[in-house]
2 protein chains.
Amino acid sequence: MKLGDGVEQAIHSVTMLSCLQPGSTLSAAALAEFHGVSTSYLLKHLQAMSGAGLLEAVSGPKGGYRLARAPEKITLLDIVLAVEGPEPAFRCNEIRLRGPNPYTCKPAAPCTINVAMLRAEQAYRAELRRVTVAGIIADLKTIDGDGAIAARTNGFLALHERKSGTAA
Amino acid sequence: MKLGDGVEQAIHSVTMLSCLQPGSTLSAAALAEFHGVSTSYLLKHLQAMSGAGLLEAVSGPKGGYRLARAPEKITLLDIVLAVEGPEPAFRCNEIRLRGPNPYTCKPAAPCTINVAMLRAEQAYRAELRRVTVAGIIADLKTIDGDGAIAARTNGFLALHERKSGTAA
DNA sequence: GAACTGTTACTCGGATAGTTATTGTCCGAGTTGATTAGG
DNA sequence: CCTAATCAACTCGGACAATAACTATCCGAGTAACAGTTC
């Protein structure tokens, strides 16, 4: 039961990408520099999210990443599944069927333990599905009373945002 | 987001231990043989649960493991935490504080992302807390119409159960 | 001066090593039961 | 025949390798901007 560190990087990156103006992009190098993490490793997760349809990648100079959907349409679950993979955390190996005396044929009876674990994980995912990137930004603004966080983000974006005229 | 295979083994072992009569024990070797897994590796998790206060270990010949509490008092969450460790799956490394322009001092504002992830994990744990070992057995009996599963378990227990007169 | 073309530099993308956590295994300490000698 | 000490075997407990996953990195393919050239 451990999530990789890449999940945090991915969520923060998406959060930051949601702060820039429509059509603009931000390079992976800038995102990595802002968060103080490895550029190449962050790229790995950005690519995963790009493949999952969460982000759009723009090649060439003045290129970078940009959100493929509105922040209201991106949930934490989308990000976690894109980075960590869609398979559930608990996978039943059916060890009850192994051993010296396996069931002759019992395909109809599901493993009760597997059902319980999957139900718990569905609750976990449902909770993550309730949180959107837009909601995170809203909560952040509520906390950021003096605007220090927003000022820092905007200051960095002013230097690295790519207002390429490719779209809109 | 992946749980170790040991969790499944641990839950199945606890479920089986709950089927034997009060005071009796079952050796780790028997549990491993029944489930067709490595004995030494299963021991590792049985020890963890013993240290967590879920199981009681009896040394010497005719020894083995036995439940330390009633099946109604043991939840899936207890087992998962004992095996996988109590630390949460998502740990915030505060990467927002890193980078070229960290906050000068902002300890009061919590990381919104961390809060959301932890809340989801609490939902996950709450769901696991609702499921007790006794409940699993009850559900199993409901499914096991012809009694094939119970017959197999009882047959194995008749051979390997240790009705040591150590306790009650 | 404007348009076209070639170059160039910058981007993402996937394939490649290093490190850590998980899985699997082994041997030693402790304890109980049986055995055996003595009363 | 009963009792007690001794022996032995079986158990759990923690320390030790092998494997897989995660982390970090490098180089190549592609693309858009820029500079130079030509009309």
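All of these numbers come straight from a predicted model, not from anything done at the bench. (Residues numbered from 1 in each chain as written. Chains lettered and ligands numbered in written order. Predicted model: local features only at pLDDT ≥ 70, side-chain atom pairs only at ≥ 80, totals over all residues. Heavy atoms only, no water.)

> Can you tell me about the pairing of strand β1 (residues 55-58) of chain B, naming the residues and giving the values?
Residues and elements named next belong to chain B. Across four bridges, the pairing between β1 and strand β2 (residues 64-67) is antiparallel. Bridge assignment links Val58 to a residue of β2, and that residue is Gly64. Counted between consecutive antiparallel strands, the loop separating β1 from β2 contains five residues, among which Gly60 sits at a positive phi close to 80°. (Pairing = 2+ DSSP bridges. Helix = DSSP H or I, 4+ residues; strand = E, 2+ residues; numbered from the N terminus.)

> Before we move on, could you go through the protein's contact with DNA strand C and cite the residues and values that matter?
The immediate surroundings of DNA strand C are formed by 20 residues, with Tyr65 of chain A together with Gly4, Asp5, Ser38 and Tyr41 of chain B found nearest. Sugar and phosphate atoms constitute 64% of the interface atoms of DNA strand C, taking the interface as everything within 4 Å of the protein. Ala28 of chain A has a polar backbone atom sitting 3.1 Å from a phosphate oxygen of DNA strand C. In the environment of DNA strand C, a phosphate oxygen lies 2.8 Å from a nitrogen or oxygen atom belonging to the side chain of Ser38 of chain B. (Near = heavy atom within 4 Å. Polar contact = N/O pair within 3.5 Å; in protein donor to acceptor, adjacent residues only side chain to side chain.)

> Any details on the protein's contact with DNA strand D? Residues and values, ideally.
Taken together, 21 residues sit near DNA strand D, with Asp5, Ser38, Ser40 and Tyr41 of chain A together with Tyr65 of chain B positioned nearest. The sugar and phosphate moieties of DNA strand D supply 61% of its atoms located within 4 Å of the protein. In the environment of DNA strand D, a phosphate oxygen lies 3.0 Å from a nitrogen or oxygen atom belonging to the side chain of Ser38 of chain A. The separation between a phosphate oxygen of DNA strand D and a polar main-chain atom of Ala28 of chain B is 3.3 Å. Looking at the surface near DNA strand D, the elements with two or more residues in it are α3 (39-51) of chain A together with α3 (39-51), β1 and β2 of chain B. Counting residues per element, the surface near DNA strand D draws most heavily on α3 of chain A, at three residues.

> Lay out the side chain of Thr25 of chain B with the relevant residues and their values.
Residues and elements named next belong to chain B. Among the structural elements, Thr25 can be located in the loop between α1 (5-17) and α2 (28-35). Judged by its relative accessible area of 0%, Thr25 falls in the buried class. Leave out the neighbours within four places in its chain, and Thr25 touches Leu20, Val58, Lys62, Gly63, Gly64, Tyr65, Arg66, His160, Glu161 and Arg162. (Buried < 20%, exposed > 50% of the residue type's maximum accessible area, 1.4 Å probe, protein only. Contact = heavy atoms within 4.5 Å.)

> Pulling in residues and values, what's your account of the environment of Leu54 of chain A?
All names here are of chain A. Summarising the element assignment, Leu54 is placed in the loop between α3 and β1 (55-58). In this structure the C-alpha to C-alpha distance between Leu54 and Val83, which are 29 residues apart in sequence, comes to 11 Å. What Leu54 contacts, discounting residues up to four positions off in sequence, is Met49, Leu67, Ala68, Arg69, Ile74, Asp78, Ile79 and Ala82.

> Provide a residue-level description of the relation of the copies chain A and chain B, including the pertinent values.
Relative to chain B, chain A is turned by 180° and slid 0.0 Å along the rotation axis, the superposed coordinates differing by an RMSD of 0.0 Å. Both copies are brought into coincidence by an operation consistent with a two-fold rotation axis. In terms of proximity to the rotation axis, the leading residue of chain A is Tyr124 of chain A, whose C-alpha is 2.4 Å off the axis. Mapped onto chain B, 100% of the interface residues of chain A again fall at the interface, so both copies present the same surface. (Least-squares fit on C-alpha atoms with pLDDT ≥ 70 in both.)

> Provide a residue-level description of the packing of aromatic side chains, including the pertinent values.
For the structure shown, the criterion picks out three aromatic pairs over all chains. When the ring of Tyr124 of chain A is compared with that of Tyr124 of chain B, the centres are 5.8 Å apart and the planes differ by 70°; the resulting orientation is edge-to-face. Of the two residues, Tyr124 of chain A is situated in helix α5 (residues 112-130) and Tyr124 of chain B in helix α5 (residues 112-129); the pairing between them involves two chains. Each member of the pair, Tyr124 of chain A as well as Tyr124 of chain B, carries the same accessibility label: buried. (Phe/Tyr/Trp six-rings, centres within 6.5 Å; stacked < 30°, edge-to-face > 60°.)

> Account for the interface of chain A and chain B, with residues named and values stated.
Opposite the 56 residues of chain A that make contact, chain B presents 56 residues. Taken over both partners, the interface formed by chain A and chain B buries close to 5,500 Å², and the fraction arising from carbon and sulfur atoms is 64%. Two residues, Asp5 of chain B and Arg91 of chain A, come together in a salt bridge whose shortest N-O distance is 2.6 Å. Between the two partners, chain A and chain B, sit seven residue pairs in polar contact (both at pLDDT 80 or more). At the level of secondary structure, the elements contributing two or more residues to the side of chain A that touches chain B comprise α1 (5-17), α2 (28-35), α4 (76-84), α5, α6 (133-143) and α7 (148-160) of chain A. With eleven residues, α5 of chain A is the single largest residue contributor to the side of chain A that touches chain B. Per-class residue counts for the side of chain A that touches chain B are 31 nonpolar, nine polar and 16 charged. (Buried area = accessible area lost by both parts, 1.4 Å probe. Salt bridge = Lys/Arg side-chain N within 4 Å of Asp/Glu carboxyl O. Nonpolar A, V, L, I, M, F, W, Y, C, P; charged D, E, K, R; others polar.)

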